[in-house]
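So the chains spell out like this:
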Amino acid sequence: MARPTAHTRRIAIATAAAAVLTGGVAAAVFLGSDTSADGPGPALAHSSAKSHAPGRSDDKPGGRPSGPARPSGPGGDDSAPDGSDGSADATGAAGPPGSGGISETIDHATESGGKSVSITIDDGPSPVWTPKILAVLKQYGVKATFCMIGPQAKADPAMVKKVVADGHRLCDHTVSHDEAMNKKSVDYQSTEVLDAQKMIEDAAGGAKVQYFRAPGGAFTPDNRHIAAAHGMRPLGWNVDTKDWKQPGTATIVNTVKRELKNGPIVLFHDGGGSRGQTVAALKELLPWLAEEGYTFSFPAV
Ligand SMILES: [Zn+2]
């Protein structure tokens, strides 16, 4: 099930942006699928009143092998597979905090606990879709976490500042969205994580990036340690909407309703392709969640 399209498209964008902005950045090579891991993840480390099944939906391989780049037009498919958050990589329920006091274990809990959810939105910022998603979040008074790709943040600092001004939090989604980063050197992983952090924080003009989400769940002990040591909590997910596949608004909505039992962190995308279905799904889901008695909280840090 090769889905090179979206994937490579976003990467092409990111790489191009990086090249433009930095005068040349090594192009990411996207070989292999998301490998991170699998098997039952660690016990959820943080308290949430909700019952979380040990085998979460994100515990399966992402299985989105990337292939050769294929041009894709506007509205093309997305890119971000994120099929697995690699949580099997993290061992120990409550992991030792890094030097900055940030836990290195992959986060699957909300800050507030209780009957709450965290909306997380990956692969932006997008000049087209991020504003539409921000508008929906504002309409329903929901704060979310945006996992941004460094060069895209650097290319659109005003959008990053808008996200922050609206009260949302920032998450580092690396420089080149390399889902095989877990198979590469520690130096490479460090550069992917820390260069993106700097790009996003520079664009934000003061706000800190509080989380790190490995592309496709390609977490490793090294990249989790690097992130935590620099103030960023590794951020997993429990509900994968697979909105990047553009499965239809109703399917996205139903996926969330069905998988919420897995845990509170819900994964959407604002980058990588047409996100009209994501916007429409959020318009249904945010009021539904509120009616069902959920509150909205940031992921635990
Ligand atoms: Zn992603």
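Parameters at a glance
Residues numbered from 1 in each chain as written. Predicted model: local features only at pLDDT ≥ 70, side-chain atom pairs only at ≥ 80, totals over all residues. Core = buried A, V, L, I, M, F, W, Y, C linked by C-beta atoms within 7 Å. Buried ≥ 20, exposed ≤ 12 C-beta atoms within 10 Å, placed from the backbone. Helix = DSSP H or I, 4+ residues; strand = E, 2+ residues; numbered from the N terminus. Contact = placed C-beta atoms within 7 Å. Pairing = 2+ DSSP bridges. Right-handed = clockwise from strand over helix to strand, strands pointing away. Axes fitted to C-alpha atoms, helices over the stretch in contact; angles between N-to-C directions. Parallel < 35°, antiparallel > 145°, perpendicular 65-115°, else oblique. Left-handed = near helix turned anticlockwise from the far one by under 90°. Nonpolar A, V, L, I, M, F, W, Y, C, P; charged D, E, K, R; others polar. pLDDT = per-residue confidence, 0-100. Expected span 1.5 Å × (residues − 1). Arc of directions from axis to C-beta.

Caption draft 1: Main features of the nonpolar core. One finds Ile119, Phe146, Met148, Cys171, Ile200 and Val266 to be the most contacted residues of the largest nonpolar core, which totals 49 residues. Per-element tally for this core: the top contributor is helix α5 (residues 186-204), with six residues. Ignoring any residue separated from it by four or fewer positions in sequence, one finds Phe146 in contact with Ile121, Gly124, Val163, His168, Leu170 and Cys171. In terms of nonpolar packing, the next biggest core, distinct from the first, is built from five residues, Ile106, Met181, Ala214 and Phe219 among them.

Caption draft 2: Representation of the environment of Val160 within the structure. As for its position among the elements, Val160 is in helix α4 (residues 157-165). Residue class for Val160 comes out buried when judged on the 27 C-beta atoms lying within 10 Å of it. If we skip the residues at most four places from it in the chain, Val160 touches Pro125, Met148, Ala153, Ile200, Ala203 and Ala204.

Caption draft 3: Structural detail: the pairing of strand β3 (residues 169-172). By the alternation rule, side chains of β3 split into Arg169 and Cys171 and Leu170 and Asp172, which are all buried. As paired strands, β3 and strand β4 (residues 209-212) are joined by three bridges and run parallel to one another. Residue pairing in the sheet places Leu170 in a bridge with Val209 of β4. The handedness of the β3 to β4 crossover, carried by α5, is right-handed.

Caption draft 4: Spotlight on the packing of helix α7 (residues 249-259) against helix α8 (residues 276-291). For the pair α7 and α8, the least separation of the axes is 8 Å and the interaxial angle reads 50 degrees. As summarised for this structure, α7 and α8 are arranged oblique, according to the angle between their axes. The way α7 lies across α8 gives a crossing that is right-handed. Residue-level contacts link Thr249, Ile252, Val253 and Val256 of α7 to Gln277, Thr278, Ala280, Ala281, Glu284 and Leu285 of α8. Here the residues of the contact of α7 with α8 are counted per class, giving six nonpolar, three polar and one charged.

Caption draft 5: Quick peek at the confidence of the model for the chain. Mean pLDDT over the chain works out to 77, with 67% of the residues at or above the 70 mark. Note on residues 1-83: pLDDT under 50 across the span, and 218 contacts to partners over four residues away in sequence or across chains. Overall, residues 90-95 carries pLDDT values under 50, and its contacts beyond four positions in sequence, including any with other chains, amount to 17 contacts.

Caption draft 6: View of the environment of Leu170. One can find Leu170 in strand β3. Sequence spacing of Leu170 and Gln197 is 27 residues, and the spatial spacing of their C-alpha atoms is 9.5 Å.

Caption draft 7: Spotlight on α8. The terminal C-alpha atoms of α8 lie 23 Å apart, and with 16 residues this matches the ideal 22 Å at 1.5 Å per residue to within 8%. Taken together, the buried positions of α8 are Gln277, Thr278, Ala281, Leu282, Leu285, Leu286 and Leu289. Summarising the contacts, the buried residues of α8 are in contact with β1 (116-124), α2 (129-139), α7 and β7 (265-269).

Caption draft 8: Main features of the pairing of strand β2 (residues 144-148). Where burial is concerned, most of β2 is hidden: five out of the five residues are buried. Side chains Ala144, Phe146 and Met148 of β2 all project onto a buried face; the interleaved residues Thr145 and Cys147 project onto the opposite face, where all are buried too. Judged from the five bridges that link them, β1 and β2 form a sheet pairing that is parallel. What sits directly across from Ile121, in β2, is Phe146. Traced from β1 through α2 to β2, the parallel crossover comes out right-handed.

Caption draft 9: Summary view of α7. Those residues of α7 that sit buried are Ile252, Thr255 and Val256. Seen along its axis, α7 keeps its buried residues to an arc of 95 degrees; they face one direction. When the buried face of α7 is taken as reference, the exposed residues oriented beyond 90 degrees from it are Ala250 and Arg258.

Caption draft 10: How the structure looks around unusual backbone geometry. Put simply, Gly124 and Pro125 share a cis peptide bond, and its omega is 0 degrees. Inspection of the secondary structure puts Pro125 in the loop between β1 and α2. Even without glycine at this site, Lys242 takes up a positive phi of about 55 degrees. Within the element layout of this structure, Lys242 appears in the loop between β6 (239-240) and α7.

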